[in-house]
Amino acid sequence: MEKKKNLLIALLLIWVAPSFAAKVDTLLIKSPSMNKEVQVVVVTPDAASGKKSVACPTIYLLHGYGGNAKTWIDIKPNLPQIADEKGIIFVCPDGKTSWYWDSPVNPSFRYETFISSELVKYIDEHYKTIADRKGRAITGLSMGGHGAMWNAIRHKDMFGASGSTSGGMDIRPFPKNWDMAKQLGEYESNKEVWDNHTVINQIDKIENGDLAIIVDCGEDDFFLNVNKDLHNRLLERKIDHDFITRPGGHTGQYWNNSIDYQILFFDKFFKK
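About the thresholds
Residues numbered from 1 in each chain as written. Predicted model: local features only at pLDDT ≥ 70, side-chain atom pairs only at ≥ 80, totals over all residues. Heavy atoms only, no water. Disulfide = S-S within 2.5 Å. Buried < 20%, exposed > 50% of the residue type's maximum accessible area, 1.4 Å probe, protein only. Helix = DSSP H or I, 4+ residues; strand = E, 2+ residues; numbered from the N terminus. Pairing = 2+ DSSP bridges. Right-handed = clockwise from strand over helix to strand, strands pointing away. Lys, Arg positive; Asp, Glu negative; His and termini not counted. Salt bridge = Lys/Arg side-chain N within 4 Å of Asp/Glu carboxyl O. Polar contact = N/O pair within 3.5 Å; in protein donor to acceptor, adjacent residues only side chain to side chain. Contact = heavy atoms within 4.5 Å. Axes fitted to C-alpha atoms, helices over the stretch in contact; angles between N-to-C directions. Parallel < 35°, antiparallel > 145°, perpendicular 65-115°, else oblique. Left-handed = near helix turned anticlockwise from the far one by under 90°. Nonpolar A, V, L, I, M, F, W, Y, C, P; charged D, E, K, R; others polar.

For the rest of this paragraph, the subject is the state of the cysteines. All chains considered together, the criterion is met by zero disulfides. Here Cys92 stays free of any disulfide, with the sulfur of Cys56 as its closest cysteine sulfur at 16 Å. The exposure class of Cys92 is buried, given its relative accessible area of 1%.

Right under this line is the structure:
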């Protein structure tokens, strides 16, 4: 009798527990510009699947240096649950060590073209998306924060909102780091190229209202000062944005927390 009672309770708990049916796909998507396949993780909410599916907004999540397409799922294991709760598709491409540029010295690294053209096109063709800039946001951590802002500013026709968490908003103070010289050439002999490939020098390409922007960085992060510089540049240009600093460093623990605030920001943008 006791066993039957326990079984009944267990079945009841299963029945009343929230059911999250988000699908996680790991794809290889062909990049014509690079003539290779790029691994991409796509998290699709239940609302965007099946016969009664509805079009959902998309957040593109870019990883940092040393990461890959699965970085964000590793940092935020409940991303599928969030996808179902918010009705948002998450797209996480592998950007290698590209900084998400079209490299001027390495023709095999055309990740700006891939992210802002080829990948968006593929996702819109194969998933139930809101195929409009009003239904697209892009953000990322560290190298991916730079990449998200770089792509959004330069392709505001594709993205309506952009963010960065712990992003390298100005690369020039770090000329020997993170393989950037492989993509841009050595800093000392290519200063103009570096000037032209850093986010902070792209701000004059946007006006207030062009993008919904959220930027955050930990108080103990080595990128804190360049994020404050970006914030000040946006203020000088009178471009509205959210800027947040709080305790934390350049860590997965910080990003696990910070991405929640960014998702809330983008969710509010999508619902305007």
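Of note in this structure, Trp99 is not a glycine but carries a positive phi near 60°. Looking at the secondary structure, you find Trp99 in the loop between β4 (89–93) and α4 (111–126). Residue classification places Trp99 among the buried residues on the basis of a relative accessible area of 2%. Backbone geometry at Asp179 places phi at a positive 65°, although glycine is not the residue there. One can find Asp179 in the loop between β6 (161–165) and α6 (180–184).

Bringing the pairing of strand β7 (residues 212–218) into the picture now. Look at any regular strand and the pattern is simple: side chains alternate between the two faces of the sheet. Within β7, seven of the seven residues are buried, which leaves it mostly tucked inside the rest of the structure. The alternating pattern of β7 places Ala212, Ile214, Asp216 and Gly218 and Ile213, Val215 and Cys217 on opposite faces, both of which are buried. In the sheet, β6 pairs with β7 via five bridges, with the strands oriented parallel. Residue pairing in the sheet places Thr165 in a bridge with Asp216 of β7. In terms of strand pairing, β7 meets strand β8 (residues 242–246) through five bridges, oriented parallel. Along β8, the bridge assignment pairs Cys217 with Thr245. Between the parallel elements β7 and β8, the chain passes through helix α8 (residues 224–236) in a crossover that is right-handed.

On to the pairing of strand β1 (residues 23–31), then. With nine bridges connecting them, β1 and strand β2 (residues 36–44) associate as antiparallel partners. Looking across to β2, one finds that Asp25 is bridged to Val42.

What follows is about the side chain of Arg246. Counting through the fold element by element, Arg246 comes out in strand β8. There is no salt bridge for the buried Arg246, and the closest opposite charge comes from Asp216, which lies 4.4 Å off by N-O distance. Within the structure, the side chain of Arg246 is placed 3.3 Å from the side chain of Asn257, a separation counted as a polar contact. Other than its neighbours up to four places away in sequence, Arg246 contacts Asp216, Cys217, Gly218, Glu219, Tyr254, Asn257, Ser258 and Tyr261.

To continue, consider the sheet that holds strand β5 (residues 136–140). Read across the open sheet, the eight strands follow the order β1-β2-β4-β3-β5-β6-β7-β8; overall the sheet is mixed. Two strands close off the open sheet at either side, each with one partner strand: β1 and β8. Across this sheet, the average inter-strand angle for adjacent strands is 20°, counted without regard to direction. Strands β1, β2, β3 (58–62), β4 and β5 of the sheet are contacted by α4, whose axis makes an angle of about 125° with β1. The strands that helix α9 (residues 252–270) touches are β3, β4, β5, β6, β7 and β8; relative to β7, the one it contacts most, it runs at about 170°.

Time to look at the side chain of Lys76. Along the chain, the position of Lys76 falls in the loop between α2 (71–75) and α3 (79–86). When its relative accessible area of 4% is taken as the criterion, Lys76 is described as buried. Lys76 has contacts with Ile82, Asn256, Ile259 and Asp260, leaving out every residue within four places of it along the chain.

Let's shift gears to the packing of α3 against α9. Their axes nearest at 12 Å, the elements α3 and α9 cross at an angle of 20°. As summarised for this structure, α3 and α9 are arranged roughly parallel, according to the angle between their axes. Judged by the twist between their axes, the crossing of α3 over α9 is right-handed. Between α3, through Leu79, Ile82 and Lys86, and α9, the contact on the second element is made entirely by Asp260, Ile263, Leu264 and Asp267. Class assignment for the residues of the contact of α3 with α9 results in four nonpolar, no polar and three charged.

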